Amino acid sequence: MSVLPLVFTSGWASGINAYAVILLFGIFGATGLTDEVPESLQRPDVLIVAGVLFLCEAVADKIPYVDSVWDSVHTVVRPVSGAVVGALLAGQSGSLPELAAGAVGGSTALLSHLVKAGTRMAVNTSPEPFSNIAVSTAEDLGVAGIISFAIFYPVAAAIIAGTLLLLGLVILIFLAARIRRFRRRRAQRREEKRLGLGTPRSPG
């Protein structure tokens, strides 16, 4: 069976939480639950680094505005990670050229990352922090669930990932107005800081 469904699913998940994808694949491979995972993802040093970065993301991803800064930094990291994981999976199975797998994984990761980052901008227009925590937790659980499911049912998992990606893109279009307000508000705050507004008034 072609590894393409697994590559597509891993790309979608990498766009949301690349470190969780690497960590889960590495654990599944190291414990012998699947032989689809290349040795390079099972190395102890890779698992340790992925685990530490996953914990960092788990915290940063739940703090308003910090999550958007984190997303901005990972605009390159997540697509690259999706491409690398896809190429490694293809090289392991030999059923798909590595370059094609890298393109599929990277482009899918980029799209899902854009959905995630855009959704977070919309969520940050709400003053309370609980929505960030709820959305982040749902994303973490979703990535864990879809990757675990993909190990055993790759085609079904790819269909679910594709549906979620399409749904996310549609929602992102509807959230465009809130995202624009978020950007204007952030630009206004930067301008106020630059002009020194909000400084204490002199006595009298």
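Above: the structure in question.
If you're wondering where the values come from, they're calculated on a predicted model, not measured in any experiment.

Colleague: Looking at this structure, I do not really get the environment of Gly145. What am I missing?
Modeller: Positionally, Gly145 belongs in helix H5 (residues 130-152). The spatial distance from the C-alpha of Gly145 to the C-alpha of Ala157 is 9.5 Å, given a sequence separation of 12 residues.

Colleague: Explanation requested: the packing of aromatic side chains in the structure shown.
Modeller: To describe a pair of aromatic rings, one takes the distance between the centres and the angle between the planes. If you walk through the whole model with that rule in mind, you get 1 aromatic pair. Taking the centre distance of 5.2 Å and the plane angle of 35° together, the rings of Phe149 and Tyr153 count as tilted. Taking relative accessible area as the criterion, Phe149 reaches 31% and is therefore assigned partly exposed.

Colleague: Would you take a moment to explain a nonpolar patch on the surface for this structure?
Modeller: Judged by side-chain polarity, Leu33, Phe149, Phe152, Tyr153, Ile160, Leu164, Leu167 and Ile171 come together as a nonpolar surface patch covering roughly 740 Å² of accessible area. Among the elements that line the nonpolar patch, the one with the most residues is helix H6 (residues 154-174), at 4 residues. If you trace the backbone, Ile160 turns up in helix H6.

Colleague: It is not clear to me how the packing of helix H1 (residues 4-30) against helix H4 (residues 98-123) should be interpreted in this structure. Could you clarify?
Modeller: Each pair of packed helices can be summarised by the angle the axes make with each other and by the distance between the axes. Put simply, H1 and H4 touch, their axes get as near as 6 Å, and they point 35° apart. In the crossing of H1 with H4, the sense of the turn from one axis to the other is right-handed. In this structure, H1 contributes Leu4, Val7, Phe8, Gly11, Trp12, Ser14, Gly15 and Ile16 to the contact, and H4 contributes Ala101, Val104, Gly105, Thr108, Ala109, Ser112, His113 and Lys116. Here the residues of the contact of H1 with H4 are counted per class, giving 8 nonpolar, 7 polar and 1 charged.

Colleague: In this structure, what is going on with H1? I would like to understand it.
Modeller: Because an α-helix packs 3.6 residues into every turn, residues spaced three or four apart end up facing the same way. Helix length check: H1, at 27 residues, gives a terminal C-alpha distance of 22 Å against a target of 39 Å (1.5 Å per residue), a shortfall beyond 12%. Roughly 125° is the biggest bend found in H1, and it falls at Asn17. Across the 27 residues of H1, 23 count as buried, placing the element largely inside the fold. Looking one or two residues beyond H1, the residue adopting positive phi is Gly32, at roughly 80°.

Colleague: Explanation requested: the pattern of salt bridges in the structure shown.
Modeller: Pairing of side chains with opposite charge becomes possible as their charged atoms draw close. Counted by the stated rule, this structure contains 9 salt bridges. We note a salt bridge from Glu139 to Lys116, for which the minimum N-O separation is 2.6 Å. Of this pair, Glu139 sits in helix H5 while Lys116 sits in helix H4, and the two are 23 residues apart along the sequence. Judged by relative accessible area, Glu139 falls into the buried class, the value being 14%. As a salt-bridge pair, Arg120 and Glu139 come within 2.8 Å of each other at their nearest N and O atoms.

Cut-off values and rules
- Residues numbered from 1 in each chain as written.
- Predicted model: local features only at pLDDT ≥ 70, side-chain atom pairs only at ≥ 80, totals over all residues.
- Heavy atoms only, no water.
- Helix = DSSP H or I, 4+ residues; strand = E, 2+ residues; numbered from the N terminus.
- Phe/Tyr/Trp six-rings, centres within 6.5 Å; stacked < 30°, edge-to-face > 60°.
- Buried < 20%, exposed > 50% of the residue type's maximum accessible area, 1.4 Å probe, protein only.
- Patch = residues over 30% accessible without salt bridge, like charges linked within 9 Å, V, L, I, M, F, W, Y side chains within 5 Å.
- Areas by Shrake-Rupley, 256 points an atom, 1.4 Å probe, with all protein chains shown as cover.
- Salt bridge = Lys/Arg side-chain N within 4 Å of Asp/Glu carboxyl O.
- Axes fitted to C-alpha atoms, helices over the stretch in contact; angles between N-to-C directions.
- Left-handed = near helix turned anticlockwise from the far one by under 90°.
- Contact = heavy atoms within 4.5 Å.
- Nonpolar A, V, L, I, M, F, W, Y, C, P; charged D, E, K, R; others polar.
- Expected span 1.5 Å × (residues − 1).
- Bend = angle between axes of the 7 residues up to and from the residue.

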